[in-house]
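# Inside the fold
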Amino acid sequence: MNSKILNISLIVALAGFLFGFDTVVISGAEKKLQLLWDSSDAFHGTVVIGMALFGTVIGAMLGGIPTNKIGRKNTLIYIGVLYSISAIGSALAADPVTFGIFRFIGGLGIGASTVAAPAYISEIAPAKNRGRLVGYYQFMLVFGILVAFISNYALNGIGENDWRWMVGVEAFPAIIYTLFVLSIPKSPRWLLTKNRIDEAKIVLASISPEISIEALQADLNADESSTKASENIFIKKYRFPLTLAFLIAFFNQFSGINAFLYYAPRIFEAAGLGESTALLSSIGIGITNLIFTLLGIYLIDRLGRKQLMYYGSFGYIISLSLVAAAFIFNWEGIAVPIFLFVFIASHAIGQGAVIWVFISEVFPNHLRGSGQAFGSSVHWVLAWLIPSSIPFLFSWIGPGAVFAFFAAMMVLQLLFVRFMMPETKGISLEELSKKLSGK
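This section reports on the structure supplied with the text.

Rules of the game
Residues numbered from 1 in each chain as written. Predicted model: local features only at pLDDT ≥ 70, side-chain atom pairs only at ≥ 80, totals over all residues. Heavy atoms only, no water. Core = buried A, V, L, I, M, F, W, Y, C linked by side-chain atoms within 4.5 Å. Buried < 20%, exposed > 50% of the residue type's maximum accessible area, 1.4 Å probe, protein only. Helix = DSSP H or I, 4+ residues; strand = E, 2+ residues; numbered from the N terminus. Contact = heavy atoms within 4.5 Å. 1 Å grid on protein atoms, 1.4 Å probe; cavity = no way out; pocket = protein on both sides within 12 Å on 5 of 7 lines; lining within 4 Å. Points joined across faces, edges and corners; volume = space filled by probe spheres on them. Nonpolar A, V, L, I, M, F, W, Y, C, P; charged D, E, K, R; others polar. Phe/Tyr/Trp six-rings, centres within 6.5 Å; stacked < 30°, edge-to-face > 60°. Lys NZ or Arg CZ within 6 Å of the ring centre and 35° of its normal.

### Details of the nonpolar core
- Of all hydrophobic cores here, the largest spans 136 residues; its most connected members are Leu-76, Phe-99, Phe-260, Leu-340, Trp-380 and Phe-403.
- In terms of residues, this core owes the most to one element, helix 1 (residues 3-36), which gives 15 residues.
- Leaving out residues up to four positions away in the same chain, Phe-260 has contacts with Ile-267, Phe-268, Ile-285, Leu-340, Phe-343 and Ile-344.

### As for empty space enclosed by the protein
- For the structure shown, the criterion picks out one cavity of 30 Å³ or more.
- Along the wall of the largest cavity there are 19 residues; nearest its centre are Phe-19, Gln-138, Leu-141, Asn-258 and His-347.
- Going through the elements one at a time, helix 1, helix 5 (130-155), helix 12 (257-262), helix 17 (351-361) and helix 18 (368-396) are the ones with two or more residues in the lining of the largest cavity.
- Considering only residue class, the lining of the largest cavity consists of nine nonpolar, ten polar and no charged.

### Quick notes on unusual backbone geometry
- The phi dihedral of Asp-38 is positive, around 50°, even though this residue is not glycine.
- In this structure, Asp-38 sits in the loop between helix 1 and helix 2 (41-69).
- A positive phi is found at Asn-195, a non-glycine position, where the angle reads about 60°.
- Among the secondary structure elements, Asn-195 is positioned in the loop between helix 8 (188-193) and helix 9 (197-207).
- Since its relative accessible area comes to 62%, Asn-195 is described here as exposed.

### Concerning the packing of aromatic side chains
- Counted under the stated rule, the structure contains 22 aromatic pairs.
- Both rings, one in Phe-19 and one in Tyr-137, keep their centres 6.2 Å apart while their planes meet at 50°; by these two values the pair is tilted. Taken together, the residues Phe-19 in helix 1 and Tyr-137 in helix 5 connect sequence positions 118 residues apart. The burial state of Phe-19 is the same as that of Tyr-137; both residues are buried.
- With a centroid separation of 5.6 Å and 25° between ring planes, the pair formed by Phe-392 and Trp-396 is classed as stacked. Here Trp-396 and Phe-392 lie together in helix 18, a separation of four residues that amounts to about one turn. Note on accessibility: Phe-392 and Trp-396 belong to one class, exposed.
- One aromatic cluster is present, built from ring pairs that chain together Phe-246, Phe-250, Phe-251, Phe-254, Phe-327, Phe-394, Phe-403, Phe-405, Phe-406 and Phe-416.
- For the cation-ring pair, Arg-302 lies above Tyr-298, with the distance from its terminal atom to the ring centre recorded as 3.9 Å.
- The lysine or arginine in question, Arg-418, covers the ring of Phe-419, its NZ or CZ lying 5.0 Å from the ring centre.

The structure is reproduced here in structure tokens:
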């Protein structure tokens, strides 16, 4: 693999590390904050937890605008600034509303990163390695989740305001990421869509000298020869890729993955584990997630996206059904943690490895930012609504019924994979555009 492209992809993928860390770090502090500020379940879920998720929705919805207008690189720089401000502000917050505002700022960074980072990596990656390289974003995401779980465990109990350290420590990797991303080049495909041919030629010569600017431009011109300046992702021609992006994002969240990651310690405590054991079990979840994500990245360009989704779907159905049964029939001890470990493994090798790769592949070059924003928006609207409702749903119908519903949704995902999802491995972005838009 081209070492320059690999290094650039890893730098950009650090946005995923901050995504994972920021998403999960709240799990160690959320119960402390609810007690500190004496918040109701509804207020706690909406403001303390939900504001960050609302930020991701806005960031995902609007992330396609700067990604297309000012470029992938500049958008990634601003994302690092948002993460830094959020971490420092959240650590210094004196009330839940201020805390929620700064968490909202971090959420903007998360939402925008799910648009800009996969789009950038997919555009510099050769077709044969694209799944693996974009998959590093997901690897960094789950690595960030693991580090957040370890950080929460290490910082738990260090003082009365240990939660401030839990949420504030993110400032260090956020600043480092921002400095690193300043060194990457602009996407040559984005430069060509802006007719900045000389700049694209310089970038391409430095990262992929085996590809001529003329060949890449010819592919782009052929892809866009029948397009119109007024085109958008919602016209009839792009209905199929739009549907694919919607459904993979929809099923990603209706697996219950974000609901579980946000409330992992709380779920383990509900299963009968103590607070310290629950936090320690969360670290085990992070390790499992990391190992199976690595396996998914290794296999994604070998077996393909669709095969991994089959594995994940079957694993989801089995593990979620067992978790539901454990809560309904009061199976105590290690049953629930073991079933949840299987659930995380199924997610990591399936949806976790595939979603950002797949969404970055199915839209044409001139609409990739908008398409990525659409898929990310669907993902984050649901990632906002579902986790925000978990405290209420657990107290109303119980965890067993909630996990049973998630299991039923994964049966529908299996049908989507079987009858609708195309295989995209090893095919150039321009060729995929022709196939999926019916050209």
